[in-house]
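The residues making up each chain are set out below.
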Amino acid sequence: AQTVTQSQPEMSVQEAETVTLSCTYDTSESDYYLFWYKQPPSRQMILVIRQEAYKQQNATENRFSVNFQKAAKSFSLKISDSQLGDAAMYFCAYRSAWDTDKLIFGTGTRLQVFP
Amino acid sequence: GAVVSQHPSWVICKSGTSVKIECRSLDFQATTMFWYRQFPKQSLMLMATSNEGSKATYEQGVEKDKFLINHASLTLSTLTVTSAHPEDSSFYICSAPGQSSYNEQFFGPGTRLTVL
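A brief look at the structure comes next. Residue numbering note: each chain is counted from 1, following its sequence as written. Chains and ligands are labelled by the order in which they are written, letters from A for the one and numbers from 1 for the other. In keeping with the model being predicted, local features are shown solely for residues with a pLDDT of at least 70 and side-chain atom pairs are shown and tallied solely at 80 or more, while totals for entire chains, interfaces and linings include all residues. To obtain the side-chain values, all non-hydrogen atoms of the structure were used and water was disregarded.

### Observations regarding the overall build of chain B
Then, number 1: To qualify as a helix, a DSSP run of H or I must reach at least 4 residues; to qualify as a strand, a run of E must reach at least 2; elements of each kind are numbered from the N terminus. Scanning chain B from terminus to terminus reveals zero helices and 11 strands.
Then, number 2: For chain B, the succession of helices and strands along the chain, N to C, is β-β-β-β-β-β-β-β-β-β-β.
Then, number 3: All radius of gyration figures rest on C-alpha atoms, and the globule criterion is 2.2 Å times the number of residues raised to 0.38. Taken against the 2.2 N^0.38 rule, which gives 13 Å for 116 residues, the C-alpha radius of gyration of chain B at 13 Å falls within 12% of a compact globule.
Then, number 4: In terms of its C-alpha atoms, chain B occupies a principal-axis envelope of roughly 40 × 30 × 25 Å.
Then, number 5: Every one of the 116 residues in chain B was classed for burial, and the buried ones make up 53%.
Then, number 6: Residue contacts are counted whenever heavy atoms from the two residues lie within 4.5 Å of one another. Summarising the internal contacts of chain B: among those between residues at least 6 apart in sequence, 53% fall at separations of at least 24.
Then, number 7: Counting every atom, chain B has about 5,500 Å² of accessible surface; 52% of that belongs to carbon and sulfur.
Then, number 8: The charged-residue count follows a simple rule in which Lys and Arg add positive charge and Asp and Glu add negative charge, with His and chain termini not counted at all. Every charge is mapped onto a representative atom, which is NZ of Lys, CZ of Arg, CG of Asp or CD of Glu. Chain B carries 9 positive and 9 negative side-chain charges, and their two centres are separated by 7 Å. Between buried and exposed lies partly exposed: a residue is buried under 20% and exposed over 50% of the maximum accessible area for its type, with that area taken using a 1.4 Å probe on protein chains only. Using a 1.4 Å probe, the Shrake-Rupley method yields the accessible areas, and only the shown protein chains count as cover for residues.

In structure tokens, the structure reads:
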């Protein structure tokens, strides 16, 4: 079975600085999708960024980028120029390319942003 | 992007009563929807997969008779918490996969259930 691990329960960053959130996963599959979701205090889950396993190029969405290391089964999220609105819980998630659309979530990382 | 709504956003009920939570995909059809439960400061725990026109698939350890799921149409899934007890108090979130190749999940805003 696949598992997703987020080893940082909490992280903090100064506004305008850069922070990296870690995520590792375990799978025997070769094709899958990885996601980072943000959950602000409103608790609405928001998709931040996504990555297909067969794409070597790291995904980027404005200030958010990932470092996808398939061999190491690592999928870290880098937030550049951090803003106060980035403060939230961040969840890493895995989805098999062959199974259902079911997501497997990590335990989350709470990000605090200080002015 | 795709929008998923949930109703109600917040509900308080007495112990022993049943509560129904609705999940709707507003601008797309969803043959599958997912129901999650989230305790404070914890991750989302998948409870079940709702399948349009057929029975739901429950995750191990989730009581089927306790959490009734009905997926009556391509845009509506309902979760009924039967004979609710205080330990059922939680935040319930639904999601539906989008139409892209990623089939990324679009999440509802969640329903906070408090059982007195």
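### Section: the environment of S82 of chain A
All names here are of chain A.
Then, number 1: Along the chain, the position of S82 falls in the loop between β9 (74-79) and β10 (88-96).
Then, number 2: In this structure the C-alpha to C-alpha distance between S82 and Q14, which are 68 residues apart in sequence, comes to 7.2 Å.
Then, number 3: If near-sequence neighbours (up to four positions away) are discounted, S82 is found in contact with V13, Q14, E15, A16, E17, T18, V19, R63 and V113.
Then, number 4: Side-chain atoms alone can form a polar contact between residues adjacent in sequence; in general such a contact is a pair of N or O atoms within 3.5 Å, and within protein one must be able to donate a hydrogen while the other accepts it. Within polar-contact distance, the side chain of S82 engages the backbone oxygen of E17 at 2.8 Å.

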